[in-house]
Amino acid sequence: MGRFGLCRNRRGANHSRDAAGGKRRALWNRQQRIGKSESVSEAFGFAKAYDSYEALLDDPQVQAVYIPLPNSLHGEWVRKAAAKGKHVLCEKPLSGSAKDVEDIIRCCDEAGVVFMEAFAYLHSPIIQEIKKTVQSGAIGKVTMAEAAFFIVPPKPEDIRWKKETLGGGVYDVGCYPISLFLNLFEEAPEEIRAAAHFTGQGVDDFAGMYFGYADGKKLSISCGMCTSQRADRFYLYGTEGTLEAPIPYNAKGALHYSIVRGDVVTTKTMQVEDNYKLEIEQFGRCVLNGEKPWVSHRFSIENAKIIDRVLEAIGY
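Residues numbered from 1 in each chain as written. Predicted model: local features only at pLDDT ≥ 70, side-chain atom pairs only at ≥ 80, totals over all residues. Heavy atoms only, no water.

Asks: How do you make sense of the environment of Tyr-213 when you look at a structure like this?
Replies: Looking at where Tyr-213 falls in the secondary structure, it is placed in the loop between strand E9 (204–212) and strand E10 (218–224). Using a relative accessible area of 6% as the deciding quantity, one classes Tyr-213 as buried. Sequence spacing of Tyr-213 and Thr-143 is 70 residues, and the spatial spacing of their C-alpha atoms is 9.7 Å. When near neighbours in sequence (up to four residues on either side) are disregarded, Tyr-213 contacts Phe-181, Phe-185, Glu-187, Ala-188, Pro-189, Glu-190 and Leu-219. (Helix = DSSP H or I, 4+ residues; strand = E, 2+ residues; numbered from the N terminus. Buried < 20%, exposed > 50% of the residue type's maximum accessible area, 1.4 Å probe, protein only. Contact = heavy atoms within 4.5 Å.)

Spelled out as structure tokens, the structure:
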């Protein structure tokens, strides 16, 4: 994977350790406590710890960085990393507007660095298999689809409740089914309608969306941070059958989906590796071998445009 720098995030540290072909060079602690950075760095096998992001970016031994900072800080630090010649893997959502996403990607292109938005679940082989299955006509022509992603409400002090850090359910969890169906359908909806419930802090904790497509198919998405336990699933309805996928995003292990044709149910099971590990390894191949990012620049821009339309529709 090359020499990798991490803007401190325990999950990212763990998965970068598991990824093949890379060296975990540097760790930056957002709390700017060098002692804490050093202890986490030692635990996860990083060669060096820093108490400032600038110091990490100035290290010529660091080839690439992973940025899992609050959504509102992504653009600033991707640009700074690119300006220092670092390849960038940045958490989703990349920014608060499609226009800014386009500019961020332009900055990376002009700096000559590899950039990829971190939708780890898109690297899952079962998601890729489901796409091939749908495109093969296994359920006929898709006429309707539905998806839901709900999580337990974060703690009151969590940044996901703050509008200034681009919090809210659409940004945090809604971006998953939105991006999923952009990937599956390979087209943006012609029509978007949406409604949401807002908290006193001005962010959405529940949203419902309707997408209408040029060929007449329909998509229903519901998402939020308001349930007693996590729930994520998606179904596709075709002229000849239904595909049912009770698959949690970023899940690993034995996962399954089913094709339902009348009374006949065919279930397919796959063993899936850690999605974050797969993502980091693919990003490493992009840096070292010139492979194209699985999450393309065009995809990130189109996805951001759809999210913009949803947020406008709900009055965010």
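Asks: I tried to follow the packing of aromatic side chains on my own but got confused; where do I start?
Replies: Inspection of the entire model under this criterion finds 14 aromatic pairs. Arranged with centres 5.2 Å apart and planes meeting at 80°, the rings of Phe-149 and Tyr-176 form a pair that is edge-to-face. Of the two residues, Phe-149 is situated in strand E7 (residues 142–150) and Tyr-176 in helix H7 (residues 169–185); the sequence distance between them amounts to 27 residues. Accessibility expressed as a relative area gives 11% for Tyr-176, which makes it buried. Judged by centre distance (5.2 Å) and plane angle (85°), the ring pair of Phe-185 and Tyr-213 falls under edge-to-face. Of this pair, Phe-185 sits in helix H7 while Tyr-213 sits in the loop between E9 and E10, and the two are 28 residues apart along the sequence. The pair Phe-185 / Tyr-213 is uniform in exposure class, with both members buried. (Phe/Tyr/Trp six-rings, centres within 6.5 Å; stacked < 30°, edge-to-face > 60°.)

Asks: Can you walk me through the pairing of strand E6 (residues 115–118) in this structure?
Replies: Note on strand geometry: in a regular strand, side chains alternate between the two faces of the sheet. Burial along E6 is two-sided: Phe-115 and Glu-117 and Met-116 and Ala-118, pointing in opposite directions, are all buried. With 4 bridges joining them, strand E5 (residues 87–91) and E6 adopt parallel strand pairing. Residue pairing for E6: Leu-89 is matched across the bridge by Met-116. (Pairing = 2+ DSSP bridges.)

Asks: What am I meant to see in helix H9 (residues 297–314) here?
Replies: The periodicity of an α-helix, 3.6 residues per turn, causes residues three or four places apart in sequence to face the same way. End to end, H9 covers 26 Å across 18 residues, agreeing with the expected 26 Å (1.5 Å per residue, within 8%). Among the residues making up H9, those that are buried are Phe-299, Ser-300, Ile-301, Asn-303, Ala-304, Ile-306, Ile-307, Val-310, Leu-311 and Ile-314. In this structure, the buried side of H9 is in contact with helix H5 (98–111), E6, H7, strand E8 (191–198) and E9. At the exit of H9 stands Gly-315, carrying a positive phi of roughly 80°. (Expected span 1.5 Å × (residues − 1).)

Asks: How should I be thinking about the side chain of Asn-71 in this particular structure?
Replies: Its place among the elements puts Asn-71 in the loop between strand E4 (64–67) and helix H4 (74–83). Residues in contact with Asn-71, not counting those within four places in the same chain, are Lys-92, Pro-93, Leu-94, Thr-165, Leu-166 and Tyr-171.

Asks: I'm lost on the sheet that holds strand E14 (residues 264–272) in this one. Help?
Replies: Two modes of strand pairing occur in sheets, parallel and antiparallel, and in both the strands are linked by backbone hydrogen bonds. The 8 strands are arranged E8-E9-E10-E7-E11-E12-E13-E14 in an open sheet whose pairing can be described as mixed. Single-partner strands in this sheet number two, and they are E8 and E14. If you compare each strand with its neighbour and ignore which way they point, the axes differ by 10° on average. Taken strand by strand, H7 contacts E7, E9, E10 and strand E11 (231–238), and its axis lies near 155° from that of E7. (Axes fitted to C-alpha atoms, helices over the stretch in contact; angles between N-to-C directions.)

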